[in-house]
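# Structure assessment
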Amino acid sequence: MYKINTNLFLSFFVADVISTVEFNQTGDLLATGDKGGRVVIFQRETESKGESEELGESGEYNVYSTFQSHEPDFDYLKSLEIEEKINKIRWLPQQNAAHFLLSTNDKTIKLWKVSERDKRPEGYNLKDEEGRIKDISTVTSLRVPVLKPTDLMVEVRPRRIFANGHTYHVNSISVNSDGETYLSADDLRINMWHLDITDRSFNIVDIKPANMEDLTEVITAAEFHPHHCQLFVYSSSKGTLRLCDMRESALCDKHSKIFEEPEDPGNRSFFSEIISSVSDVKFSHSGRYLLTRDYLTVKVWDLNMEKGPVETYQVHEYLRSKLCSLYENDCIFDKFECVWNSTDSVIMTGAYNSFFRMFDRETGRGVTLEAWRENSKPRAVLRTRRVYTGGRRRRGDVGVDSLDFTKKILHMAWHPAENIIAIAATNNLYIFQDRVNAENQ
Amino acid sequence: MFSKGTKRKFSDGDEEISDESLVGARVASSYSLQRQSLLDMSLIKLQLCHMLVEPNLCRSVLIANTVRQIQEEMTHDGSWHMVTEAFCGPGQSPSERLVATEVLCRSREQDAEPKLFSVISYEGCREEEVVADETLCSVSVSDTVSNVCLAGRIGQCWEKSELSGVERDEEALEDSRLGSGEDEEIDTEDGASTESPKTTGQVFGTFEIKNSSPAPDSALEELFSDVDTSYYDLDTMLTGMQSAPKMGPYDILDSLAPSHSSPSIVSTPKCRSDLNELDHIMEIIVGS
């Protein structure tokens, strides 16, 4: 049974509701985007360099940089505001000393360059220390300016702005393994961009019907395959997954493969379609599996088997009898994310009441954990929680009717190599770390 | 949405019905009632679009699909058809009804910017006033009808698949607004209003004023303030049900008559009911 112990537990308070969380490829940087359009980047401290086995104070994440990525905007044609909320952040693979990330709101994607400066030139001939121009008569000799170390400064600059590519709301961005292109998906279309070209993009999927009145299905998420640069997957509000091969045709309206689970007639209700809508899709690190999240379950799909998932895990089946209330208060439309661990052996997703769930694929068992910090215990083992659904009631069990539906864990990320997870709970960011097993299991 | 303590009785009138079928009929009517409530709730959800930010398309599509599903089931049951049949003359052909209703919903002021609430056209909803205004305003011919009946759109949606031939006519008559024609419901409301046009006109006249000055929030708050938690029984009913039980003749009346002074009147032809009911509803909305 997979256990995550948190000997190290950091929590940060962010000013606004966090809307996305993402580690970079090494896991040293963690970026969060929020509803106010700001991005906060955390960096992992590496104090004990060269002693990777040392279990010391190293490995804590501290705020590295903060910047305003998107501002509120206005669409004059439709007389509608465009929210500055950051929907997704994706890091580019690192190629030099600087780090690059893509951040997007509903309409515009931006490429940001994050670079450090820890030296500055000193000893100019024509300027003094404060930058004022010297009186030239006081200059009696020439010298070469020298680079001197200075306090670390992190500079973040926008390098590209990919605008006007989307009529509908962007829900996903995904960087291609080719390192040159990325895709952005909105409700009805998916575009492919080149990272260096901002004035045009290539439309690769378009499911907009000729008559909008015939619209019954939208795109909910999309992602490139981690290794095959021609493959990508997108999910829909009807619970289908479509794998597309860009070598087959320029416009990938026709899928290569469609993954769909036949409906269970025994569980049919008016809400069947809504709860089958896929809110997130992620390729496994191996590229062999897909992980999807719908309202009540997470499912693992094998790319070689289209007729149904290979594994299904119940996240909060006890909500099935409450669907009407959840429809009324709109909770049924909440979009939960799902993530793989580094070895694809554990999957994780969020729930309500600040709970999140982890499933061990080898044993098939799941555990419920709570993203919450007890003030008296800054470092403690994450408590296992339980929702009471019948049978013997244990101490600490939470009743279904006591669940707080405003405390939803929608966004989360898992470190690419280690057992470190970042959980966003409204304005709180929690970072849990498994110190007992610092390496992968 | 259900006000407290006004659970309606199943009136079986003159017939003698056995206990079993009585229970069955009660269950059926309860189901249809709650299905109706789900329909009403869905339609309200679709209307409460934010003015400032574009509404979530995924959510709108899912809600619209749910509405379609309910309507399909109601059609399948015959309850939808019976609802509309009850109001129009049985001799009318669908196309005639559609044409007639389209005329009703044409805006009097052609130059007025169409304040659309098109459900099916997802091109961005505009916020509309109190839900009740929609239905009732759309009935009157003489008053401003820039607002199109929301229910009409939904009805029109599923209708499209059945009456594809009629579509051509509708679209020919269409004005600049999105979507097309209406369904039988508007016609029925028109039928009701012709009985006492003057009074109806007066009633809707005040709605016109209400419509022009946007102050929806407080009115909506008032309307929804007495939501009863017993409403949550819908969960067990609707999620547990697999198929709609066969409906008896009285079930139609149950779903037809206004349940209470609730704002859930978008989809059923409330105009058929007493003007007293309308006055009552109006009082709530206007807050007098």
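Residues numbered from 1 in each chain as written. Chains lettered and ligands numbered in written order. Predicted model: local features only at pLDDT ≥ 70, side-chain atom pairs only at ≥ 80, totals over all residues. Heavy atoms only, no water.

## A short note on the overall build of chain A
Of the regular secondary structure elements, chain A holds two helices and 33 strands. Counting every position in chain A, which comprises 441 residues, the buried fraction comes to 53%. Taking as baseline every contact in chain A between residues at least 6 positions apart, the subset at least 24 positions apart corresponds to 54%. (Helix = DSSP H or I, 4+ residues; strand = E, 2+ residues; numbered from the N terminus. Buried < 20%, exposed > 50% of the residue type's maximum accessible area, 1.4 Å probe, protein only. Contact = heavy atoms within 4.5 Å.)

## Overview of the pairing of strand β14 (residues 189–194) of chain A
Consecutive side chains along a regular strand alternate between the two faces of the sheet. Residue and element names in this part refer to chain A. With five of six residues buried, β14 lies mostly within the body of the structure. Inspection of the sheet shows strand β13 (residues 181–185) paired to β14 by five bridges, in the antiparallel sense. Residue pairing in the sheet places Thr181 in a bridge with His194 of β14. Adjacent in sequence and paired antiparallel, β13 and β14 are bridged by three residues. (Pairing = 2+ DSSP bridges.)

## With respect to the layout of surface pockets
All names here are of chain A. Roughly 850 Å³ of volume is contained in the second largest pocket. At the level of elements, β2 (18–23), β8 (88–91), β12 (172–175), β16 (219–224), β20 (280–283), β24 (338–340) and β31 (411–414) are the ones that each hand at least two residues to the lining of the second largest pocket. Examining the composition of the lining of the second largest pocket, we find that four residues originate from one element, β2, more than from any other. Taken together, the residues that form the lining of the second largest pocket break down as 14 nonpolar, ten polar and six charged. (1 Å grid on protein atoms, 1.4 Å probe; cavity = no way out; pocket = protein on both sides within 12 Å on 5 of 7 lines; lining within 4 Å. Points joined across faces, edges and corners; volume = space filled by probe spheres on them. Nonpolar A, V, L, I, M, F, W, Y, C, P; charged D, E, K, R; others polar.)

## Looking at unusual backbone geometry
One non-glycine residue with positive phi stands out, namely A:Ser79, at about 55 degrees. Within the secondary structure, A:Ser79 is located in the loop between β6 (73–75) and β7 (80–82).

## Describing the sheet that holds strand β19 (residues 257–259) of chain A
All names here are of chain A. What the four strands build is an open sheet, ordered β16-β17-β18-β19; its pairing is antiparallel. Edge positions in the sheet fall to β16 and β19, since each of these pairs with one other strand and no more. Between one strand axis and the next, the sheet turns by 20 degrees as a mean value, whatever way the strands run. Inspection of the sheet shows strand β18 (residues 241–245) paired to β19 by three bridges, in the antiparallel sense. Following the sheet pairing, Leu241 is matched in β19 by Phe259. (Axes fitted to C-alpha atoms, helices over the stretch in contact; angles between N-to-C directions.)

## A closer look at the nonpolar core
In this structure, A:Tyr295, A:Leu319, A:Tyr327, A:Ile332 and A:Leu403 are the most contacted members of the largest nonpolar core, which totals 54 residues. Listing elements by their share of this core, those giving two or more residues are α1 (272–276), β21 (289–293), β22 (297–302), α2 (323–328), β24 and β26 (355–360) of chain A together with α1 (19–47) and α2 (57–77) of chain B. Top element by residues in this core is α2(B). It accounts for eight residues. If near-sequence neighbours (up to four positions away) are discounted, A:Tyr295 is found in contact with A:Ile275, A:Ser277, A:His316, A:Leu319, A:Leu323, A:Leu326, A:Cys331, A:Ile332, A:Asp334, A:Phe336 and A:Tyr352. (Core = buried A, V, L, I, M, F, W, Y, C linked by side-chain atoms within 4.5 Å.)

## Quick word on the sheet that holds strand β3 (residues 29–34) of chain A
Residue and element names in this part refer to chain A. Here we have four strands laid out as an open sheet, ordered β2-β3-β4-β5, and antiparallel in their pairing. Taken across any chain shown, the strands that pair with only one partner, and hence form the sheet edges, are β2 and β5 (61–68). Mean inter-strand twist for the sheet, computed between neighbouring axes without regard to direction, equals 20 degrees. Relative to β5, strand β4 (residues 38–44) runs antiparallel, the two being bridged by seven bridges. In the strand pairing of β5, Phe42 is matched with Val63.

## Quick notes on the confidence of the model for chain B
Caution is warranted with low-pLDDT regions, since their predicted coordinates should not be read in detail. Residues and elements named next belong to chain B. For chain B, per-residue confidence averages 51 on the pLDDT scale, and 22% of positions sit at 70 or higher. The weakest mean pLDDT in chain B belongs to helix α5 (residues 131–139) at 35; the strongest belongs to α2 at 92. Considering only residues more than four positions removed or in separate chains, one finds that residues 92–217, a stretch of pLDDT under 50, has 242 contacts. Across residues 224–272, where pLDDT falls below 50, the model places 137 contacts with residues more than four positions away in sequence or in other chains. Confidence metrics for the complex model read pTM 0.69 and ipTM 0.90. (pLDDT = per-residue confidence, 0-100.)

## Some words on the pattern of salt bridges
Inspection of the entire model under this criterion finds 31 salt bridges over all chains. With its nearest N and O atoms 3.4 Å apart, the salt bridge here joins A:Arg200 to A:Asp199. For A:Asp330, the salt bridge identified is with B:Arg59, shortest N-O distance 3.0 Å. Highlighted residues: A:Asp330 in the loop between α2 and β24 and B:Arg59 in helix α2, drawn from two different chains. Through salt bridges with shared partners, a single ionic network connects A:Arg117, A:Glu155 and A:Arg157. (Salt bridge = Lys/Arg side-chain N within 4 Å of Asp/Glu carboxyl O.)

## What about the packing of aromatic side chains?
In the structure shown here, the tally under the stated rule is 17 aromatic pairs over all chains. Where A:Phe74 meets A:Tyr76, the ring centres are 5.2 Å apart and the plane angle is 65 degrees; that geometry is what we call edge-to-face. The exposure class of A:Phe74 is partly exposed, given its relative accessible area of 33%. By way of ring pairs, the aromatic residues A:Tyr295, A:Phe336, A:Tyr352 and A:Phe405 are connected into one cluster. A cation over a ring is seen here: A:Arg361 above A:Tyr289, with NZ or CZ 4.7 Å from the ring centre. One Lys or Arg, B:Lys45, reaches over the ring of A:Tyr327 and ends 5.4 Å from the middle of that ring. (Phe/Tyr/Trp six-rings, centres within 6.5 Å; stacked < 30°, edge-to-face > 60°. Lys NZ or Arg CZ within 6 Å of the ring centre and 35° of its normal.)

## Topic: the side chain of A:Thr220
One can find A:Thr220 in strand β16. At a separation of 2.7 Å, a polar atom in the side chain of A:Thr220 contacts the side chain of A:Ser235. Within the structure, the side chain of A:Thr220 is placed 2.6 Å from the backbone oxygen of A:Val278, a separation counted as a polar contact. Those residues in contact with A:Thr220 that lie beyond four places of it in its chain are A:Asn171, A:Ser172, A:Ser235, A:Ser236, A:Ser237, A:Ser277, A:Val278, A:Ser279, A:Lys335 and B:Cys58. (Polar contact = N/O pair within 3.5 Å; in protein donor to acceptor, adjacent residues only side chain to side chain.)

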